[in-house]
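In case you want the letters, here they are:
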Amino acid sequence: MTVSPADLDDLFSRRYSCRGFRPDPVPRPVIEQIVATARRVPSWCNAQPWQVAITSGAETDAFRQALVEETRTGSPAPDLPFPTGYSGIYRDRRRTCGLQLYEAVGVEKGDRAGSARQMMENFSLFGAPHCAILSSPAELGAYGALDCGGFVTAFALAAQAAGVATIPQAAVASYAPFLHRWFNIPEDRLVLCAISFGYADPDHPANGFRTGRADVDEIVDWRG
Ligand SMILES: Cc1cc2nc3c(=O)[nH]c(=O)nc-3n(C[C@H](O)[C@H](O)[C@H](O)COP(=O)(O)O)c2cc1C
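Here's a quick rundown of the structure. Everything quoted here is computed from the prediction, not taken from an experiment.

This part is about the packing of helix 3 (residues 57-73) against helix 8 (residues 176-183). Close contact between helix 3 and helix 8 brings their axes to 11 Å; oriented N to C, the two are set at 150°. It follows that helix 3 is roughly antiparallel to helix 8 by the angle criterion. The hand of the helix 3/helix 8 crossing is right-handed. In this structure, helix 3 uses Ala62, Phe63, Ala66, Leu67 and Glu70 to contact helix 8, whose residues at the interface are Phe178, Leu179, Arg181, Trp182 and Phe183.

Core analysis: the largest hydrophobic core is formed by 23 residues, its most contacted members being Leu134, Phe151, Phe155, Val164 and Phe197. Of all the secondary-structure elements, those providing two or more residues to this core are helix 2 (28-38), strand 2 (130-137), helix 6 (141-161) and strand 4 (189-198). Looking at this core element by element, the count peaks at 8 residues for helix 6. Excluding residues that lie within four positions of it along the chain, valine 164 makes contacts with Val26, Val30, Ile34, Ala159, Phe197, Gly198 and Tyr199. Counting 19 residues, the second-largest nonpolar core is a separate cluster that includes Ala66, Ala171, Val172 and Val191.

So, about the packing of aromatic side chains. If you walk through the whole model with that rule in mind, you get 9 aromatic pairs. Ring geometry for tryptophan 44 and tyrosine 143: centres 4.8 Å apart, planes at 65°, overall edge-to-face. Taken as a pair, tryptophan 44 in the loop between helix 2 and strand 1 (51-55) and tyrosine 143 in helix 6 lie far apart in primary sequence, 99 residues in all. Tyrosine 143 gets classed as partly exposed once you look at its relative accessible area, which sits at 46%. Judged by centre distance (5.6 Å) and plane angle (40°), the ring pair of phenylalanine 178 and tryptophan 182 falls under tilted. Here the residue phenylalanine 178 and the residue tryptophan 182 both occupy positions in helix 8, the gap between them amounting to 4 residues, near one helical turn. When its relative accessible area of 35% is taken as the criterion, tryptophan 182 is described as partly exposed. The ring of tyrosine 16 carries the charged tip of arginine 210 above its face, separated from the ring centre by 3.6 Å.

We now examine helix 2. For helix 2, the set of buried residues is Ile31, Ile34 and Ala38. Projection of helix 2 onto a plane perpendicular to its axis shows the buried side chains occupying an angular sector of 55°, all on one side. Within helix 2, the exposed residues directed more than 90 degrees away from the buried face are Arg28 and Pro29. Contact partners of the buried residues in helix 2: strand 1, strand 2, helix 6 and strand 4.

So, on to the pattern of salt bridges. Following the criterion strictly, the structure yields 7 salt bridges and no others. The closest approach of N and O atoms between arginine 223 and aspartate 221, which form a salt bridge, is 2.4 Å. There is no split in this pair, since arginine 223 and aspartate 221 are both exposed.

The rules behind each value
- Residues numbered from 1 in each chain as written.
- Predicted model: local features only at pLDDT ≥ 70, side-chain atom pairs only at ≥ 80, totals over all residues.
- Heavy atoms only, no water.
- Axes fitted to C-alpha atoms, helices over the stretch in contact; angles between N-to-C directions.
- Helix = DSSP H or I, 4+ residues; strand = E, 2+ residues; numbered from the N terminus.
- Parallel < 35°, antiparallel > 145°, perpendicular 65-115°, else oblique.
- Left-handed = near helix turned anticlockwise from the far one by under 90°.
- Contact = heavy atoms within 4.5 Å.
- Core = buried A, V, L, I, M, F, W, Y, C linked by side-chain atoms within 4.5 Å.
- Buried < 20%, exposed > 50% of the residue type's maximum accessible area, 1.4 Å probe, protein only.
- Phe/Tyr/Trp six-rings, centres within 6.5 Å; stacked < 30°, edge-to-face > 60°.
- Lys NZ or Arg CZ within 6 Å of the ring centre and 35° of its normal.
- Arc of directions from axis to C-beta.
- Salt bridge = Lys/Arg side-chain N within 4 Å of Asp/Glu carboxyl O.

That is the geometry; function is a separate question.
What follows is the structure, given as C-alpha cells:
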C-alpha cells in the first residue's frame, strides 16, 4: 500500500463539483492518464461499458454553442429517465445544495430569472475547456449505468489528483438526441451524463461553497 487511508480521504474531500473554469486547456497526456486511472474501476463481468467522447479547444466551443442553441430550439429527452421525485431527506439535501449554490452566486430566494440563468450555465459547460460525454450500451440497462457511475467518480478523483477540476452533468444528457447526432453515438447506447473539466477558477463565486455529507451512522445499518 503506497496510499494511506488518510491521503485517500484527503483526495476525496478536496474534490468538489466545479462551476467556474479557467480557459487553459488540460494537456492531452494528463487527460489520457485520468482516463487510464478511471478505467480501473470494477464493472459487472468486467464489461467496462463506458465510452467517452472528449472535446478540446475549438471542438468544445463549437459543442458549447450548439448545445446552448439546442436548449432554445429542442426539447429535453434524456435516454435514461430522470428521477421521478426527491422526497424526505433527499428533497432536503437537494434543496440545501441548491440554496448553497444560489447563495454563492448571489441569486435571491424566489429570483426565478436568476436561477434559470444559473441553470443555463450547465449548457455553456460552466466555461470548461473540455467536456466528456459518457455512454453505456442500452442492453446493459441499469447495471451498465451503475458501472459507469463508478467510472464518473474515478474520473473525478483521478482528475483531482492531477489538479484538474470536474463536474458531472446530468443536465447535458437531457438533450440526448442532439448528443447522439453531434458525437455519432449509436442508438444502441445510452447517453448517461457529461463531465466538464479543466482548471478551476478559484475566484469564481460558484466555487465558493462545499456540500455536506450524512454521518456514517446515517448510512450504515450495522448488524453485529
Ligand atoms: C450523476 C451526476 C449528475 C450531476 N448533474 C449535475 C448537473 O447537471 N448540474 C450541476 O450543476 N451539478 C450536477 N451534479 C453535481 C452534484 O450537484 C454534486 O455532485 C452534489 O451536489 C455534491 O456536491 P460535490 O460534487 O461538490 O461534492 C451531478 C452529479 C452527479 C454525480
